Amino acid sequence: MSPSCSLRYRMIYLDNNSTTKIDPAVLAEVMPILNGPPSNPSSVHRLGQEARARVAGATKQIAAHFGVKTKEVVFTSGATEALNVVIRSVPSGLHIITSSLEHIAVLEAVKLTGCTVTYLDPEPGKGAITAAQIAAALQPNTAMIVVMAANNETGVKTDLEPIAALAEEKRIALVVDGVAQVGKEPFTLYPGISALCLSGHKIHAPQGIGVAIIRSRFPARPLIVGGPQQRGVRGGTENVAGIVGLAKALEFTTDVAHLRDRLEAGLRSKLSDVVVHGENAPRVGNVSNMAFPGVEGEWLLMQLDLAGIAVSHGAACSSGALEPSRVLLNMGIAPKLARSSIRFSLSRFTTEAEIDRTIETVVKLTSQAS
Ligand code: PLP
(Lines give C-alpha, C1' and ligand atoms only; values in the text may rest on other atoms or scores of the structure.)
Protein backbone atom coordinates (compact mmCIF):
# COMPACT_ATOMS: atom_id res chain seq x y z
CA MET A 1 0.00 0.00 0.00
CA SER A 2 1.45 3.41 -0.94
CA PRO A 3 1.91 6.01 1.83
CA SER A 4 -0.77 8.26 0.30
CA CYS A 5 -3.13 5.34 0.29
CA SER A 6 -2.66 4.46 3.95
CA LEU A 7 -2.92 8.16 4.85
CA ARG A 8 -6.18 8.36 2.94
CA TYR A 9 -7.68 5.50 4.91
CA ARG A 10 -6.75 6.95 8.28
CA MET A 11 -8.79 10.06 7.50
CA ILE A 12 -12.17 10.71 9.00
CA TYR A 13 -14.02 11.37 5.78
CA LEU A 14 -16.78 13.96 6.13
CA ASP A 15 -16.77 15.14 2.53
CA ASN A 16 -19.28 12.71 1.08
CA ASN A 17 -21.07 15.34 -1.00
CA SER A 18 -17.84 15.62 -3.01
CA THR A 19 -17.53 11.91 -3.59
CA THR A 20 -18.11 8.70 -1.67
CA LYS A 21 -16.36 5.46 -0.84
CA ILE A 22 -17.50 2.60 -3.07
CA ASP A 23 -19.85 0.35 -1.11
CA PRO A 24 -18.41 -3.18 -0.68
CA ALA A 25 -21.65 -4.62 -2.08
CA VAL A 26 -21.21 -2.44 -5.18
CA LEU A 27 -17.55 -3.40 -5.48
CA ALA A 28 -18.53 -7.07 -5.33
CA GLU A 29 -20.64 -6.55 -8.46
CA VAL A 30 -18.15 -4.32 -10.27
CA MET A 31 -14.83 -6.12 -9.71
CA PRO A 32 -15.67 -9.39 -11.50
CA ILE A 33 -16.60 -7.33 -14.57
CA LEU A 34 -13.39 -5.27 -14.46
CA ASN A 35 -11.33 -8.40 -13.82
CA GLY A 36 -13.25 -10.49 -16.32
CA PRO A 37 -12.90 -10.97 -20.05
CA PRO A 38 -13.21 -7.93 -22.34
CA SER A 39 -16.83 -7.41 -23.29
CA ASN A 40 -18.50 -4.74 -25.38
CA PRO A 41 -22.31 -4.86 -25.31
CA SER A 42 -22.35 -4.14 -29.07
CA SER A 43 -20.28 -7.23 -29.92
CA VAL A 44 -22.14 -10.11 -31.50
CA HIS A 45 -20.13 -12.91 -29.84
CA ARG A 46 -21.08 -14.44 -26.53
CA LEU A 47 -18.95 -12.13 -24.39
CA GLY A 48 -20.70 -9.17 -25.97
CA GLN A 49 -24.07 -10.78 -25.38
CA GLU A 50 -23.20 -11.26 -21.72
CA ALA A 51 -22.27 -7.60 -21.39
CA ARG A 52 -25.46 -6.59 -23.17
CA ALA A 53 -27.48 -8.73 -20.75
CA ARG A 54 -25.74 -7.07 -17.79
CA VAL A 55 -26.59 -3.61 -19.09
CA ALA A 56 -30.17 -4.67 -19.81
CA GLY A 57 -30.55 -6.14 -16.31
CA ALA A 58 -29.20 -3.00 -14.63
CA THR A 59 -31.37 -0.77 -16.83
CA LYS A 60 -34.44 -2.79 -15.87
CA GLN A 61 -33.56 -2.52 -12.20
CA ILE A 62 -33.09 1.27 -12.37
CA ALA A 63 -36.28 1.74 -14.39
CA ALA A 64 -38.21 -0.27 -11.77
CA HIS A 65 -36.59 1.77 -8.98
CA PHE A 66 -37.96 5.02 -10.39
CA GLY A 67 -41.15 3.55 -11.90
CA VAL A 68 -40.23 4.41 -15.51
CA LYS A 69 -39.75 2.52 -18.76
CA THR A 70 -36.32 1.10 -19.62
CA LYS A 71 -36.12 3.35 -22.67
CA GLU A 72 -36.35 6.33 -20.30
CA VAL A 73 -33.02 5.42 -18.65
CA VAL A 74 -29.96 7.04 -20.28
CA PHE A 75 -26.50 6.37 -18.90
CA THR A 76 -23.95 9.17 -18.93
CA SER A 77 -20.52 9.83 -17.43
CA GLY A 78 -22.07 11.60 -14.42
CA ALA A 79 -24.59 14.23 -13.39
CA THR A 80 -22.78 17.03 -15.22
CA GLU A 81 -23.25 15.26 -18.54
CA ALA A 82 -26.80 14.20 -17.64
CA LEU A 83 -27.73 17.80 -16.83
CA ASN A 84 -26.06 19.04 -20.02
CA VAL A 85 -27.88 16.63 -22.30
CA VAL A 86 -31.25 17.43 -20.80
CA ILE A 87 -30.89 21.19 -20.36
CA ARG A 88 -29.29 21.71 -23.76
CA SER A 89 -32.20 19.93 -25.46
CA VAL A 90 -34.37 23.00 -24.97
CA PRO A 91 -34.94 24.98 -28.20
CA SER A 92 -33.17 28.35 -28.20
CA GLY A 93 -35.04 31.63 -27.87
CA LEU A 94 -37.30 30.40 -25.08
CA HIS A 95 -37.26 31.04 -21.31
CA ILE A 96 -35.79 28.96 -18.48
CA ILE A 97 -36.36 29.37 -14.74
CA THR A 98 -33.73 28.11 -12.32
CA SER A 99 -32.21 29.21 -9.02
CA SER A 100 -29.00 30.92 -7.97
CA LEU A 101 -28.34 27.94 -5.67
CA GLU A 102 -27.89 25.38 -8.44
CA HIS A 103 -24.69 23.48 -9.07
CA ILE A 104 -22.29 25.10 -11.52
CA ALA A 105 -23.11 22.34 -14.05
CA VAL A 106 -26.65 23.74 -14.31
CA LEU A 107 -25.58 27.38 -14.33
CA GLU A 108 -23.09 26.80 -17.16
CA ALA A 109 -25.44 24.57 -19.18
CA VAL A 110 -28.35 27.04 -19.15
CA LYS A 111 -26.00 29.72 -20.50
CA LEU A 112 -25.43 27.63 -23.63
CA THR A 113 -29.10 27.16 -24.50
CA GLY A 114 -29.64 30.51 -26.21
CA CYS A 115 -32.64 31.02 -23.94
CA THR A 116 -33.25 33.88 -21.53
CA VAL A 117 -32.76 32.65 -17.98
CA THR A 118 -34.37 33.78 -14.72
CA TYR A 119 -32.25 32.96 -11.67
CA LEU A 120 -34.41 32.97 -8.55
CA ASP A 121 -32.87 33.66 -5.14
CA PRO A 122 -34.45 31.91 -2.15
CA GLU A 123 -36.45 34.07 0.23
CA PRO A 124 -34.35 35.26 3.20
CA GLY A 125 -33.84 32.55 5.77
CA LYS A 126 -34.83 29.81 3.31
CA GLY A 127 -32.37 27.62 1.50
CA ALA A 128 -34.52 26.71 -1.51
CA ILE A 129 -36.83 28.33 -4.02
CA THR A 130 -40.59 27.69 -3.94
CA ALA A 131 -43.38 26.88 -6.38
CA ALA A 132 -44.90 30.32 -5.67
CA GLN A 133 -41.67 32.04 -6.75
CA ILE A 134 -41.55 29.95 -9.90
CA ALA A 135 -45.23 30.67 -10.66
CA ALA A 136 -44.54 34.41 -10.32
CA ALA A 137 -41.58 34.18 -12.72
CA LEU A 138 -43.43 32.32 -15.50
CA GLN A 139 -43.47 33.94 -18.91
CA PRO A 140 -45.58 32.93 -21.92
CA ASN A 141 -42.51 31.27 -23.47
CA THR A 142 -41.17 29.51 -20.35
CA ALA A 143 -40.08 26.10 -21.60
CA MET A 144 -38.06 24.67 -18.75
CA ILE A 145 -37.63 24.79 -14.96
CA VAL A 146 -34.38 23.43 -13.48
CA VAL A 147 -34.15 22.82 -9.72
CA MET A 148 -32.12 20.72 -7.33
CA ALA A 149 -33.93 18.24 -5.09
CA ALA A 150 -31.57 19.12 -2.25
CA ASN A 151 -28.71 21.58 -2.05
CA ASN A 152 -25.29 19.96 -2.02
CA GLU A 153 -23.79 22.59 0.28
CA THR A 154 -26.52 22.91 2.92
CA GLY A 155 -28.71 19.84 2.47
CA VAL A 156 -31.82 22.06 2.30
CA LYS A 157 -34.54 20.33 0.30
CA THR A 158 -36.68 21.89 -2.39
CA ASP A 159 -40.39 21.16 -2.01
CA LEU A 160 -40.65 19.40 -5.36
CA GLU A 161 -44.26 18.23 -5.24
CA PRO A 162 -45.93 21.64 -5.86
CA ILE A 163 -43.26 22.56 -8.41
CA ALA A 164 -43.93 19.32 -10.28
CA ALA A 165 -47.69 19.98 -10.13
CA LEU A 166 -47.15 23.48 -11.53
CA ALA A 167 -44.91 22.17 -14.31
CA GLU A 168 -47.48 19.51 -15.19
CA GLU A 169 -50.35 22.00 -15.21
CA LYS A 170 -48.47 24.49 -17.38
CA ARG A 171 -46.89 21.76 -19.54
CA ILE A 172 -43.38 23.03 -18.85
CA ALA A 173 -40.41 20.65 -18.71
CA LEU A 174 -39.11 20.20 -15.16
CA VAL A 175 -35.51 19.04 -14.81
CA VAL A 176 -34.46 17.89 -11.34
CA ASP A 177 -30.86 17.63 -10.15
CA GLY A 178 -31.24 14.74 -7.72
CA VAL A 179 -27.55 14.37 -6.84
CA ALA A 180 -27.71 15.53 -3.21
CA GLN A 181 -30.97 13.79 -2.30
CA VAL A 182 -31.13 10.38 -3.97
CA GLY A 183 -29.56 7.73 -1.75
CA LYS A 184 -30.15 9.80 1.37
CA GLU A 185 -33.90 9.31 1.51
CA PRO A 186 -36.62 7.85 -0.73
CA PHE A 187 -37.13 9.94 -3.86
CA THR A 188 -40.51 10.36 -5.57
CA LEU A 189 -40.44 10.93 -9.30
CA TYR A 190 -43.61 13.04 -9.53
CA PRO A 191 -45.42 12.85 -12.87
CA GLY A 192 -44.55 16.51 -13.56
CA ILE A 193 -40.81 15.75 -13.51
CA SER A 194 -39.52 15.43 -17.09
CA ALA A 195 -35.95 14.49 -16.22
CA LEU A 196 -33.88 13.48 -13.20
CA CYS A 197 -30.06 13.62 -13.21
CA LEU A 198 -27.73 11.63 -10.94
CA SER A 199 -24.07 10.77 -10.38
CA GLY A 200 -22.99 7.30 -9.25
CA HIS A 201 -20.00 8.42 -7.23
CA LYS A 202 -22.19 10.47 -4.88
CA ILE A 203 -24.04 7.31 -3.79
CA HIS A 204 -21.19 4.83 -3.29
CA ALA A 205 -20.92 3.68 -6.92
CA PRO A 206 -17.75 4.29 -8.96
CA GLN A 207 -16.81 7.62 -10.54
CA GLY A 208 -17.49 7.98 -14.26
CA ILE A 209 -21.09 6.76 -14.33
CA GLY A 210 -24.28 8.79 -14.13
CA VAL A 211 -27.83 8.54 -15.32
CA ALA A 212 -30.52 10.76 -16.74
CA ILE A 213 -34.07 9.52 -16.32
CA ILE A 214 -35.71 11.19 -19.30
CA ARG A 215 -39.48 10.75 -19.63
CA SER A 216 -40.62 9.82 -23.13
CA ARG A 217 -42.55 13.06 -23.63
CA PHE A 218 -39.31 15.08 -23.27
CA PRO A 219 -37.63 15.64 -26.62
CA ALA A 220 -34.00 14.92 -25.66
CA ARG A 221 -31.38 15.87 -28.22
CA PRO A 222 -28.14 13.88 -28.06
CA LEU A 223 -25.15 15.79 -26.73
CA ILE A 224 -22.64 13.05 -27.57
CA VAL A 225 -23.17 11.51 -30.96
CA GLY A 226 -21.47 8.39 -32.27
CA GLY A 227 -22.67 4.83 -32.37
CA PRO A 228 -26.32 3.81 -32.04
CA GLN A 229 -25.94 2.88 -28.35
CA GLN A 230 -28.74 3.97 -26.00
CA ARG A 231 -31.12 4.58 -28.89
CA GLY A 232 -28.84 7.30 -30.22
CA VAL A 233 -29.45 9.63 -27.24
CA ARG A 234 -25.90 8.98 -26.02
CA GLY A 235 -23.39 7.46 -28.38
CA GLY A 236 -20.34 5.52 -27.22
CA THR A 237 -19.60 2.14 -25.65
CA GLU A 238 -21.48 1.72 -22.40
CA ASN A 239 -19.59 1.68 -19.08
CA VAL A 240 -20.77 -1.81 -18.21
CA ALA A 241 -19.14 -2.09 -14.76
CA GLY A 242 -20.27 1.43 -13.85
CA ILE A 243 -23.84 0.76 -14.96
CA VAL A 244 -24.03 -2.46 -12.94
CA GLY A 245 -22.48 -0.66 -9.93
CA LEU A 246 -24.94 2.22 -10.19
CA ALA A 247 -27.92 -0.15 -10.24
CA LYS A 248 -26.58 -1.87 -7.12
CA ALA A 249 -25.88 1.44 -5.34
CA LEU A 250 -29.45 2.61 -5.92
CA GLU A 251 -30.70 -0.31 -3.83
CA PHE A 252 -29.47 1.43 -0.68
CA THR A 253 -30.93 4.51 0.98
CA THR A 254 -29.45 5.46 4.31
CA ASP A 255 -30.60 8.33 6.49
CA VAL A 256 -27.80 9.42 8.81
CA ALA A 257 -29.66 12.34 10.38
CA HIS A 258 -28.95 10.94 13.86
CA LEU A 259 -25.21 11.37 13.24
CA ARG A 260 -25.66 14.87 11.80
CA ASP A 261 -27.77 15.78 14.85
CA ARG A 262 -25.10 14.37 17.15
CA LEU A 263 -22.49 16.53 15.42
CA GLU A 264 -24.59 19.69 15.62
CA ALA A 265 -25.66 19.11 19.24
CA GLY A 266 -22.11 18.23 20.29
CA LEU A 267 -20.61 21.34 18.75
CA ARG A 268 -23.38 23.57 20.05
CA SER A 269 -23.00 22.32 23.58
CA LYS A 270 -19.39 23.51 23.56
CA LEU A 271 -19.46 26.45 21.13
CA SER A 272 -22.47 28.63 21.82
CA ASP A 273 -22.12 30.86 18.77
CA VAL A 274 -22.19 28.13 16.08
CA VAL A 275 -24.70 28.87 13.30
CA VAL A 276 -26.26 25.99 11.34
CA HIS A 277 -27.21 27.18 7.87
CA GLY A 278 -30.73 26.21 6.81
CA GLU A 279 -31.40 24.81 10.26
CA ASN A 280 -35.12 25.50 10.20
CA ALA A 281 -35.68 24.26 6.67
CA PRO A 282 -36.31 20.61 5.76
CA ARG A 283 -32.87 19.09 5.11
CA VAL A 284 -31.49 15.76 3.96
CA GLY A 285 -29.87 13.96 6.86
CA ASN A 286 -26.25 13.79 5.74
CA VAL A 287 -25.18 17.44 5.57
CA SER A 288 -24.48 20.14 8.10
CA ASN A 289 -23.10 23.46 6.97
CA MET A 290 -22.00 25.42 10.00
CA ALA A 291 -20.44 28.81 10.61
CA PHE A 292 -17.89 29.30 13.37
CA PRO A 293 -17.96 33.08 13.87
CA GLY A 294 -14.51 34.64 14.12
CA VAL A 295 -12.79 31.65 12.49
CA GLU A 296 -11.67 31.54 8.85
CA GLY A 297 -13.36 28.53 7.23
CA GLU A 298 -10.40 27.98 4.91
CA TRP A 299 -8.03 27.89 7.90
CA LEU A 300 -10.28 25.51 9.81
CA LEU A 301 -10.51 23.20 6.78
CA MET A 302 -6.73 23.06 6.54
CA GLN A 303 -6.27 22.47 10.27
CA LEU A 304 -8.86 19.70 10.20
CA ASP A 305 -7.05 18.17 7.24
CA LEU A 306 -3.81 18.16 9.23
CA ALA A 307 -5.71 16.54 12.11
CA GLY A 308 -6.94 13.80 9.74
CA ILE A 309 -10.47 15.04 9.12
CA ALA A 310 -11.65 15.77 5.56
CA VAL A 311 -14.37 18.40 5.23
CA SER A 312 -15.23 21.06 2.69
CA HIS A 313 -15.59 24.81 2.53
CA GLY A 314 -18.34 25.04 -0.09
CA ALA A 315 -18.63 22.98 -3.26
CA ALA A 316 -15.72 20.71 -4.17
CA CYS A 317 -15.25 22.40 -7.53
CA SER A 318 -14.53 25.72 -5.85
CA SER A 319 -12.45 24.34 -2.96
CA GLY A 320 -9.21 26.22 -2.70
CA ALA A 321 -10.91 29.44 -3.74
CA LEU A 322 -10.83 32.08 -1.07
CA GLU A 323 -14.13 33.71 -1.87
CA PRO A 324 -17.07 32.70 0.29
CA SER A 325 -19.61 30.19 -1.01
CA ARG A 326 -21.96 31.57 -3.66
CA VAL A 327 -24.74 29.35 -2.31
CA LEU A 328 -24.46 30.77 1.21
CA LEU A 329 -24.30 34.35 -0.10
CA ASN A 330 -27.35 33.76 -2.31
CA MET A 331 -29.19 32.46 0.76
CA GLY A 332 -28.68 35.91 2.25
CA ILE A 333 -25.90 34.91 4.65
CA ALA A 334 -23.43 37.70 5.41
CA PRO A 335 -20.05 37.28 3.64
CA LYS A 336 -18.16 37.18 6.95
CA LEU A 337 -20.33 34.37 8.28
CA ALA A 338 -20.17 32.54 4.93
CA ARG A 339 -16.38 32.77 5.05
CA SER A 340 -16.32 31.10 8.47
CA SER A 341 -18.42 28.15 7.31
CA ILE A 342 -17.57 24.48 6.89
CA ARG A 343 -19.59 21.73 5.23
CA PHE A 344 -19.61 18.37 6.97
CA SER A 345 -21.16 15.71 4.74
CA LEU A 346 -21.67 12.25 6.22
CA SER A 347 -22.40 8.82 4.81
CA ARG A 348 -23.56 5.44 6.02
CA PHE A 349 -19.91 4.62 6.67
CA THR A 350 -19.55 7.48 9.18
CA THR A 351 -19.39 6.28 12.78
CA GLU A 352 -20.38 7.84 16.11
CA ALA A 353 -16.73 7.65 17.20
CA GLU A 354 -15.72 9.70 14.15
CA ILE A 355 -18.37 12.29 14.92
CA ASP A 356 -17.17 12.54 18.53
CA ARG A 357 -13.56 12.89 17.44
CA THR A 358 -14.60 15.62 14.99
CA ILE A 359 -16.47 17.53 17.70
CA GLU A 360 -13.44 17.35 20.00
CA THR A 361 -11.07 18.50 17.24
CA VAL A 362 -13.22 21.39 16.01
CA VAL A 363 -13.71 22.64 19.57
CA LYS A 364 -9.96 22.52 20.19
CA LEU A 365 -9.09 24.27 16.91
CA THR A 366 -11.71 27.01 17.16
CA SER A 367 -10.64 27.84 20.70
CA GLN A 368 -7.04 28.19 19.41
CA ALA A 369 -8.27 30.52 16.65
CA SER A 370 -10.18 32.91 18.88
N1 PLP B 1 -25.33 18.53 -8.94
C2 PLP B 1 -24.98 18.60 -7.66
C3 PLP B 1 -26.00 19.03 -6.67
C4 PLP B 1 -23.70 18.25 -7.25
O5 PLP B 1 -23.34 18.31 -5.96
C6 PLP B 1 -22.75 17.85 -8.24
C7 PLP B 1 -21.37 17.55 -7.85
O8 PLP B 1 -20.87 17.99 -6.83
C9 PLP B 1 -23.17 17.78 -9.57
C10 PLP B 1 -24.46 18.13 -9.90
C11 PLP B 1 -22.23 17.34 -10.65
O12 PLP B 1 -21.88 16.00 -10.44
P13 PLP B 1 -20.59 15.35 -11.19
O14 PLP B 1 -19.44 16.24 -10.86
O15 PLP B 1 -20.50 14.01 -10.59
O16 PLP B 1 -20.91 15.34 -12.63
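Residues numbered from 1 in each chain as written. Predicted model: local features only at pLDDT ≥ 70, side-chain atom pairs only at ≥ 80, totals over all residues. Heavy atoms only, no water.

1. Description of the packing of helix H10 (residues 297–306) against helix H13 (residues 352–369)
The relative placement of two packed helices comes down to the angle between their axes together with the axis-to-axis distance. Contact geometry of H10 with H13 gives a least axis separation of 11 Å together with a crossing angle of 130 degrees. On the basis of the axis angle, H10 is oblique to H13. H13 is crossed by H10, and the crossing has right-handed handedness. Judged by residue contacts, Trp299, Leu300, Gln303 and Leu304 of H10 engage Thr361, Val362, Leu365, Thr366 and Ala369 from H13. Here the residues of the contact of H10 with H13 are counted per class, giving six nonpolar, three polar and no charged. (Axes fitted to C-alpha atoms, helices over the stretch in contact; angles between N-to-C directions. Helix = DSSP H or I, 4+ residues; strand = E, 2+ residues; numbered from the N terminus. Parallel < 35°, antiparallel > 145°, perpendicular 65-115°, else oblique. Left-handed = near helix turned anticlockwise from the far one by under 90°. Contact = heavy atoms within 4.5 Å. Nonpolar A, V, L, I, M, F, W, Y, C, P; charged D, E, K, R; others polar.)

2. Points about the nonpolar core
Counting 48 residues, the largest nonpolar core has Ile62, Phe66, Ile134, Leu174, Val176, Phe187 and Ile213 as the members making the most contacts within it. A total of seven residues in this core trace back to one element, the largest contributor, which is helix H8 (residues 240–249). Apart from the residues within four sequence positions on either side, isoleucine 62 is in contact with Val73, Phe75, Ile213, Leu246, Ala247 and Leu250. (Core = buried A, V, L, I, M, F, W, Y, C linked by side-chain atoms within 4.5 Å. Buried < 20%, exposed > 50% of the residue type's maximum accessible area, 1.4 Å probe, protein only.)

3. Digging into the confidence of the model for the protein
In this model, the protein carries a mean pLDDT of 95, and residues with pLDDT of at least 70 account for 95%. Every residue in residues 1–6 is under pLDDT 50, and counting partners more than four places away or in other chains gives one contact. (pLDDT = per-residue confidence, 0-100.)

4. Some words on the site of the ligand
Taken together, Ala79, Thr80, His103, Met148, Asn152, Asp177, Val179, Ser199, His201 and Lys202 make up the full set of residues near the ligand. The backbone of alanine 79 places a nitrogen or oxygen atom 3.4 Å from an oxygen atom of the ligand. The contact in question runs from an oxygen atom of the ligand to an N or O atom on the side chain of threonine 80, over 2.6 Å. Notes on the ligand: free accessible area 390 Å², of which the protein chains cover 87%. Across the shell around the ligand, the residue classes break down as three nonpolar, five polar and two charged. (Near = heavy atom within 4 Å. Polar contact = N/O pair within 3.5 Å; in protein donor to acceptor, adjacent residues only side chain to side chain. Areas by Shrake-Rupley, 256 points an atom, 1.4 Å probe, with all protein chains shown as cover.)

5. Quick word on the pairing of strand S10 (residues 287–291)
The side chains of a regular strand alternate, residue by residue, between the two faces of the sheet. Within S10, five of the five residues are buried, which leaves it mostly tucked inside the rest of the structure. The alternating pattern of S10 places Val287, Asn289 and Ala291 on one face and Ser288 and Met290 on the opposite face, and all of these are buried. Two elements, strand S9 (residues 275–276) and S10, share two bridges in a ladder whose sense is antiparallel. The partner of valine 275 across the bridge, within S10, is alanine 291. Judged from the five bridges that link them, S10 and strand S12 (residues 341–345) form a sheet pairing that is antiparallel. Across the sheet, valine 287 pairs through a bridge with serine 345, a residue of S12. (Pairing = 2+ DSSP bridges.)

6. What about helix H9 (residues 257–270)?
Between its first and last C-alpha, H9 extends 20 Å over 14 residues, near the 20 Å set by a 1.5 Å rise per residue. Listed as buried for H9 are Ala257, Leu259, Arg260, Leu263, Glu264, Gly266 and Leu267. Close packing links the buried residues of H9 with S9, S10, S12 and H13. (Expected span 1.5 Å × (residues − 1).)

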